[in-house]
Amino acid sequence: MPRFDDADFGADLTEARSHGDGSPNTATIPGDGRRDSEVVEVPATRSSIGDASQFMHYLSLSPSMRDRRGSRNSFGTSLPIPRSPRSPRASRTRLSSVVTTDDREGVSAAVSREILASQLQDMAKEKVEAAKNMAFAFDIDGVLAHGNHLIPEAREALKMLNGDNELGIKIPYILLTNGGGKTEESRCDQLSEILGVPISTDQFIQSHTPMSALSEYYETVLVVGGEGFKSRDAAEAYGFRHVYTPKDILAWDPTISPWRHFAEEDRVGARPTDFSKVKFDAILVFADSRDYATDMQIIMDLLLAEDGQLLTRAKDPISSRIPIYFSHGDMVMPTDHKGPPRMTQGAFRIGVEAMYKSLTGVELGRVIYGKPELATYKYADEVLMAWMEEIHNEARIPENIYMIGDNPASDIIGGNMYNWNTCLVRTGVFQGKEGENDPNSPASMGTFNHVLDAVKAGVRKELGKEFKFKWNEKVNPVLHGEGISAVE
């Protein structure tokens, strides 16, 4: 498997190597040329890290649009992302109506409602086209929920987008989160229960979802982070052939980590093997580490090893270093903790970078996916197009997209750079006063107390101030409610 060294990286943030065909701003990847029709390559550049204070991502340290100079992706190669949503898996849920029920009476009512909605939409074609030409992208933690606890306004917002509005029309939306550590199916099942509305895997992107394209280039990988062995399940679902975790390595040799935490249930789920004979192709950090000491030790062992083989030490660890990928770069995240937001994967990454530089004297080249990286938004385009085809039979990307998030350094700055409308809510990381925008990365639509206010602002901008956010059960194609015309 091909390796990369520091000579492959440009020192300037805006510099990138040339693609094999000589075109600028792209670069080849391992196995480049295989299944070209199924991946989208996103140019990546490397930021210079000079001292300890700069081990943070540039935007995490100084999250300002004013200081933005280039992509934070730092691995000297193009990043492959899937060209279409996770296939051939079918959607977990098809949103046939706002009301979902298995009883005969409920099904009949839903069908009748769809017929009425269709007739109303035929009579309001201009407004319908405007509704189909807009979409929402929601962060989850701090916007729709705190951990496993629903933010109350979120359910009403999603129900309205699912068709609980005056036209009974579905307004496209996707969920775009820097969370991860489990399969998309299990996360969507969990979210559907929390939010009280059906969430399909075809409208859901977590931080490591676009990393599924890497399975075309790496066979044997170390996957780090998450609860138990759930990250392994996700990696195997993506098609990685040989997936190992730090706990597998601990079960093989407990002495590899002097400060290990290894419970009996970990041993039951582990897959020990003779890792002295295994050559790892890459390291994938899918989610937050549950055991910093062990995970950092094993990551460092592999980064300094000869071609990714444990118990070896490379004479030149730079030229033989295997690549390491992080699923996102956030420093903090909102949880159900009543105090300030908690630290997340970005802090873990800074620790790895600092350790590597202290041991080698050089900076660690690494790739970061997730918001606000370009690869995530390129993949979001693919998902939005597919979801539009699913609910409206139109394979296109709506022109007016609204990003609703709570973190200026990822949700807002990423949306701004991708020319989306951005809405900053005050229910998560951002804790500014009412009406106060983030000074460094201001949301283009301003700040809102909660997600429902943000959704209403976007809908009113596209569909008019008089657009009604509830379905009228008495509606019919001619009369609306108490004898009021349905279409003006």
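All values reported here derive from a predicted model rather than from experimental measurement.

What counts as what
- Residues numbered from 1 in each chain as written.
- Predicted model: local features only at pLDDT ≥ 70, side-chain atom pairs only at ≥ 80, totals over all residues.
- Heavy atoms only, no water.
- Pairing = 2+ DSSP bridges.
- Helix = DSSP H or I, 4+ residues; strand = E, 2+ residues; numbered from the N terminus.
- Contact = heavy atoms within 4.5 Å.
- Axes fitted to C-alpha atoms, helices over the stretch in contact; angles between N-to-C directions.
- Buried < 20%, exposed > 50% of the residue type's maximum accessible area, 1.4 Å probe, protein only.
- Right-handed = clockwise from strand over helix to strand, strands pointing away.
- Expected span 1.5 Å × (residues − 1).
- Parallel < 35°, antiparallel > 145°, perpendicular 65-115°, else oblique.
- Nonpolar A, V, L, I, M, F, W, Y, C, P; charged D, E, K, R; others polar.
- Left-handed = near helix turned anticlockwise from the far one by under 90°.
- Core = buried A, V, L, I, M, F, W, Y, C linked by side-chain atoms within 4.5 Å.
- Salt bridge = Lys/Arg side-chain N within 4 Å of Asp/Glu carboxyl O.
- 1 Å grid on protein atoms, 1.4 Å probe; cavity = no way out; pocket = protein on both sides within 12 Å on 5 of 7 lines; lining within 4 Å.
- Points joined across faces, edges and corners; volume = space filled by probe spheres on them.
- Polar contact = N/O pair within 3.5 Å; in protein donor to acceptor, adjacent residues only side chain to side chain.

Draft legend 1. Examining the sheet that holds strand 10 (residues 282-285) more closely. Strand order across the open sheet formed by five strands is 9-8-10-11-14, with parallel pairing between neighbours. A strand with exactly one partner marks an edge of an open sheet, and here the two such strands are strand 9 (242-244) and strand 14 (367-368). The pairing of strand 8 (residues 220-224) with strand 9 spans three bridges and is classified as parallel. Counterpart to V221 in the pairing with strand 9 is V243. Helix-sheet contacts for helix 6 (residues 230-238) involve strand 8 and strand 9, and the interaxial angle to strand 9 is about 165 degrees.

Draft legend 2. Seen up close, the pairing of strand 16 (residues 421-425). Counting buried positions over the five residues of strand 16 gives five, a clear majority of the element. In strand 16, alternate side chains face the same way, and those of N421, C423 and V425 on one face and T422 and L424 on the other are all buried. With four bridges connecting them, strand 15 (residues 400-405) and strand 16 associate as parallel partners. In the sheet register, Y402 faces strand 16, and the bridge partner there is N421. With respect to chirality, the unit in which strand 15 leads through helix 12 (residues 408-417) into the neighbouring parallel strand 16 is right-handed. Judged from the two bridges that link them, strand 16 and strand 17 (residues 447-448) form a sheet pairing that is parallel. If you follow V425 over to strand 17, its bridge partner there is F448.

Draft legend 3. Expanded view of helix 11 (residues 374-392). Its 19 residues give helix 11 an end-to-end C-alpha distance of 27 Å, which sits within 8% of 27 Å, the value for a rise of 1.5 Å per residue. Immediately downstream of helix 11, the backbone of N393 shows phi near 60 degrees, a positive value.

Draft legend 4. Region of interest: the packing of helix 4 (residues 152-161) against helix 13 (residues 451-463). Where helix 4 meets helix 13, the axes come as close as 8 Å, and the angle between the chain directions of the two elements is 30 degrees. It follows from the interaxial angle that helix 4 and helix 13 lie roughly parallel. Contacts between helix 4 and helix 13 pair E153, A154, E156, A157, M160 and L161 from the former with V451, L452, V455 and V459 from the latter. Of the residues belonging to the contact of helix 4 with helix 13, the class tally is eight nonpolar, no polar and two charged.

Draft legend 5. Seen up close, the sheet that holds strand 3 (residues 134-138). Strand order in the open sheet made by the six strands is 7-6-3-15-16-17, with parallel pairing throughout. Taken across any chain shown, the strands that pair with only one partner, and hence form the sheet edges, are strand 7 (204-205) and strand 17. Two strands pair when backbone bridges link them, and strand 3 and strand 6 (residues 173-176) are joined in this way by three bridges, in the parallel orientation. Across the sheet, A137 pairs through a bridge with I174, a residue of strand 6. Relative to strand 16, helix 12 is tilted by about 160 degrees, and along the sheet it contacts strand 15 and strand 16.

Draft legend 6. Highlighting the packing of helix 9 (residues 292-303) against helix 10 (residues 345-360). At a minimum axis distance of 11 Å, the contact between helix 9 and helix 10 shows a crossing angle of 45 degrees. Looking at the two axes, helix 9 sits oblique to helix 10. The crossing of helix 9 and helix 10 is right-handed. Across the interface between the two elements, Y292, D295, M296, I299, M300 and L303 of helix 9 pack against A347, F348, G351, V352, M355, Y356 and L359 of helix 10. Of the residues that constitute the contact of helix 9 with helix 10, the class distribution is eleven nonpolar, one polar and one charged.

Draft legend 7. Region of the structure containing the nonpolar core. Ranked by size, the top nonpolar core spans 38 residues in total, and within it F136, F138, L144, I404, V455 and V459 carry the most contacts. Secondary-structure elements contributing two or more residues to this core are helix 3 (125-132), strand 3, helix 4, strand 6, helix 5 (184-195), strand 15, strand 16 and helix 13. Those residues in contact with V455, other than ones at most four positions away along the chain, are F136, F138, A157, M160, L161 and I404. Counting 33 residues, the second-largest nonpolar core is a separate cluster that includes L214, V223, M403 and W420.

Draft legend 8. Region of interest: the pattern of salt bridges. Under the counting rule described, the total for this entry stands at 16 salt bridges. When the shortest N-O distance is used, the salt bridge between D139 and K371 registers 3.0 Å. Placement of D139 in the loop between strand 3 and strand 4 (145-146) and of K371 in the loop between strand 14 and helix 11 is noted, with a sequence separation of 232 residues between them. Looking at K371, the relative accessible area reads 1%, which means it is buried. The structure contains a network of salt bridges with shared partners spanning K132, E394 and R396.

Draft legend 9. A look at the layout of surface pockets. Space inside the largest pocket adds up to approximately 680 Å³. Lining the largest pocket are 33 residues; nearest its centre among them are D141, G179, G180, R187 and M333. Of all the secondary-structure elements, those providing two or more residues to the lining of the largest pocket are helix 5 and helix 12. Grouping the constituent residues of the lining of the largest pocket by class yields four nonpolar, 16 polar and 13 charged.

Draft legend 10. Empty space enclosed by the protein, seen in detail. Summed over all chains, the structure comprises two cavities of 30 Å³ or more. In this structure, the largest cavity encloses a volume near 40 Å³. What lines the largest cavity is E156, M160, D164, L452, K456, F469 and K470. Those elements that provide at least two residues to the lining of the largest cavity are helix 4 and helix 13. A per-class count over the lining of the largest cavity returns three nonpolar, no polar and four charged.

Draft legend 11. Representation of the side chain of S215 in the model. Within the secondary structure, S215 sits in the loop between strand 7 and strand 8. Relative accessible area serves as the criterion here: at 16%, S215 is assigned to the buried category. Within the structure, S215 has its side chain in polar contact with the backbone oxygen of S212 (distance 2.8 Å). The contacts of S215, once residues within four sequence positions are left out, are Y238, G239 and F240.

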